[in-house]
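# Observations on the three-dimensional arrangement
Single-letter residue listing:
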Amino acid sequence: KNQVEQSPQSLIILEGKNCTLQCNYTVSPFSNLRWYKQDTGRGPVSLTIMTFSENTKSNGRYTATLDADTKQSSLHITASQLSDSASYICVARTGGFKTIFGAGTRLFVKA
Amino acid sequence: DGGITQSPKYLFRKEGQNVTLSCEQNLNHDAMYWYRQDPGQGLRLIYYSQIVNDFQKGDIAEGYSVSREKKESFPLTVTSAQKNPTAFYLCASSIRDRGGQETQYFGPGTRLLVL
């Protein structure tokens, strides 16, 4: 069964600190993995995309990693800001163009 | 301004009523999608359309209907047959890059509430 699991469900950190969000996927055949940021009450916005041949991709303070062997991905946020408070969604895509969304990690950044 | 617009932002439905959610895009994308988002769950695909005048059921199409008469428009109707319609509805459109990777662009969403 194709599925994407994210952890933790929610996370609270202080402004300026780093954090790492986890994503485990069971998708076959695997095509690519994408991380989205979703602000409350808004649509998701793409942060990074990685295929099986890529193991890291950065977008400003966001760095995603991918381990195709263990089927794990992580999103690392450096020097967090209040505006980073949002849900972060991991999305895996199969070779058959099916898209599987994780439930997301809700990040709260406190001043 | 290019992008995807959804309206209304909030919508209230009475028992037995059909309601229609609007989705418009001026990105010239061929493919459009409707998703439903519930707390603690990933987005679930309701319907998608790869081209004008054609659409396919997603994973949870029961109680919903769509049309794709124009490239830029993909309205979703929530019918009275949908017994649990309260959710956040997201519309998306997509394009493939030269490498064949598809990128979806999402609208701001419509929150549907049942009175």
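To keep things clear, this report deals only with the structure shown in the data block. This one's a predicted model, so the numbers in the text were calculated from it and none came from an experiment.

What follows concerns the environment of Arg44 of chain B. Along the chain, Arg44 of chain B turns up in strand β5 (residues 44–51). Leaving out residues up to four positions away in the same chain, Arg44 of chain B has contacts with Trp34, Tyr35, Arg36, Asp38 and Ile60 of chain B.

Right, let's talk about empty space enclosed by the protein for a bit. Summed over the entire model, instances satisfying the criterion amount to 1 cavity of 30 Å³ or more. The calculated volume of the largest cavity comes to roughly 100 Å³. Counting only elements with at least two residues in the lining of the largest cavity, the list comes to β4 (30–38), β9 (86–94) and β10 (99–101) of chain A together with β10 (102–106) of chain B. When the residues that make up the lining of the largest cavity are grouped by side-chain class, the tally is 4 nonpolar, 4 polar and 3 charged.

Attention shifts here to the interface of chain A and chain B. Each partner contributes to the interface: chain A provides 18 residues, whereas chain B provides 18 residues. For the pairing of chain A and chain B, the buried interface totals around 1400 Å² over both sides, and the portion due to carbon and sulfur atoms is 46%. Remark: the boundary between chain A and chain B carries 2 salt bridges. One salt bridge connects Arg93 of chain A with Glu102 of chain B, and the closest N-O pair in it is separated by 2.4 Å. On the surface where chain A and chain B come into contact, there are 6 residue pairs in polar contact (both at pLDDT 80 or more). Contributing elements (two or more residues each) for the side of chain A that touches chain B: β4, β5 (45–51) and β9 of chain A. Here the side of chain A that touches chain B takes 5 residues from β4 of chain A, the largest share from any one element.

We now examine the layout of surface pockets. Its boundaries defined by the atoms lining it, the largest pocket holds a volume of some 440 Å³. Along the walls of the largest pocket sit 20 residues, with Gln38 and Ser87 of chain A together with Gln37, Pro39 and Gly40 of chain B positioned nearest its centre. Elements that contribute at least two residues to the lining of the largest pocket include exactly β9 and β11 (105–110) of chain A together with β9 (87–96) of chain B. Tallied by class, residues from the lining of the largest pocket come to 5 nonpolar, 10 polar and 5 charged.

Hydrogen bonds between backbone groups are what pair the strands of a sheet, and the pairing can be parallel or antiparallel. All names here are of chain A. If you trace the 5 strands from one edge of the open sheet to the other, you get β1-β3-β8-β7-β6, paired in antiparallel fashion. Lying at the two open borders of the sheet, with one neighbouring strand each, are β1 (3–7) and β6 (56–59). Each neighbouring strand pair of the sheet contributes to a mean axis angle of 15°, computed without reference to strand direction. Across 5 bridges, β1 lies against strand β3 (residues 19–26) in antiparallel orientation. Each bridged residue has a counterpart across the sheet, and for Ser7 the counterpart in β3 is Gln22.

Right, let's talk about the packing of aromatic side chains for a bit. Under the definition given, this model contains 10 aromatic pairs over all chains. Residues Tyr33 of chain B and Tyr48 of chain B carry aromatic rings whose centres are separated by 6.3 Å and whose planes lie at 20° to one another, so their mutual orientation is stacked. Remark: Tyr48 of chain B occurs in strand β5 and Tyr33 of chain B occurs in strand β4 (residues 31–37); sequence separation between them is 15 residues. Grouped by ring-pair contacts, the aromatic residues Tyr36 and Phe101 of chain A together with Tyr33, Tyr35, Tyr48 and Phe106 of chain B constitute a single cluster. The side chain of Arg106 of chain A reaches across the aromatic face of Phe108 of chain A, ending 4.7 Å from its centre. Cation over ring: Arg68 of chain B sits above Phe74 of chain B, and NZ or CZ is 6.0 Å from the ring centre.

To continue, consider the state of the cysteines. According to the stated counting rule, one finds 2 disulfides over all chains in the structure shown. Between the sulfur of Cys23 of chain A and that of Cys90 of chain A lies a disulfide, 2.0 Å long from S to S. Because the torsion about its S-S bond is -65°, the bridge between Cys23 of chain A and Cys90 of chain A counts as left-handed. Placement of the pair is Cys23 of chain A in strand β3 and Cys90 of chain A in strand β9, with a sequence separation of 67 residues. You'll find Cys23 of chain A and Cys90 of chain A in the same group, each marked buried. Between Cys23 of chain B and Cys91 of chain B runs a disulfide, and the two sulfur atoms are separated by 1.9 Å. Taking the sign of the S-S torsion, -75° for the link of Cys23 of chain B and Cys91 of chain B, the bridge is left-handed. One end of the pair, Cys23 of chain B, is in strand β3 (residues 19–25); the other, Cys91 of chain B, is in strand β9, with 68 residues separating them in the sequence. Neither residue differs from the other here; Cys23 of chain B and Cys91 of chain B are each classed as buried. Considering cysteine sulfurs only, Cys90 of chain A is the nearest to Cys19 of chain A, which forms no disulfide, with 15 Å between them.

Rules of the game
- Residues numbered from 1 in each chain as written.
- Chains lettered and ligands numbered in written order.
- Predicted model: local features only at pLDDT ≥ 70, side-chain atom pairs only at ≥ 80, totals over all residues.
- Heavy atoms only, no water.
- Helix = DSSP H or I, 4+ residues; strand = E, 2+ residues; numbered from the N terminus.
- Contact = heavy atoms within 4.5 Å.
- 1 Å grid on protein atoms, 1.4 Å probe; cavity = no way out; pocket = protein on both sides within 12 Å on 5 of 7 lines; lining within 4 Å.
- Points joined across faces, edges and corners; volume = space filled by probe spheres on them.
- Nonpolar A, V, L, I, M, F, W, Y, C, P; charged D, E, K, R; others polar.
- Buried area = accessible area lost by both parts, 1.4 Å probe.
- Salt bridge = Lys/Arg side-chain N within 4 Å of Asp/Glu carboxyl O.
- Polar contact = N/O pair within 3.5 Å; in protein donor to acceptor, adjacent residues only side chain to side chain.
- Pairing = 2+ DSSP bridges.
- Axes fitted to C-alpha atoms, helices over the stretch in contact; angles between N-to-C directions.
- Phe/Tyr/Trp six-rings, centres within 6.5 Å; stacked < 30°, edge-to-face > 60°.
- Lys NZ or Arg CZ within 6 Å of the ring centre and 35° of its normal.
- Disulfide = S-S within 2.5 Å.
- Buried < 20%, exposed > 50% of the residue type's maximum accessible area, 1.4 Å probe, protein only.

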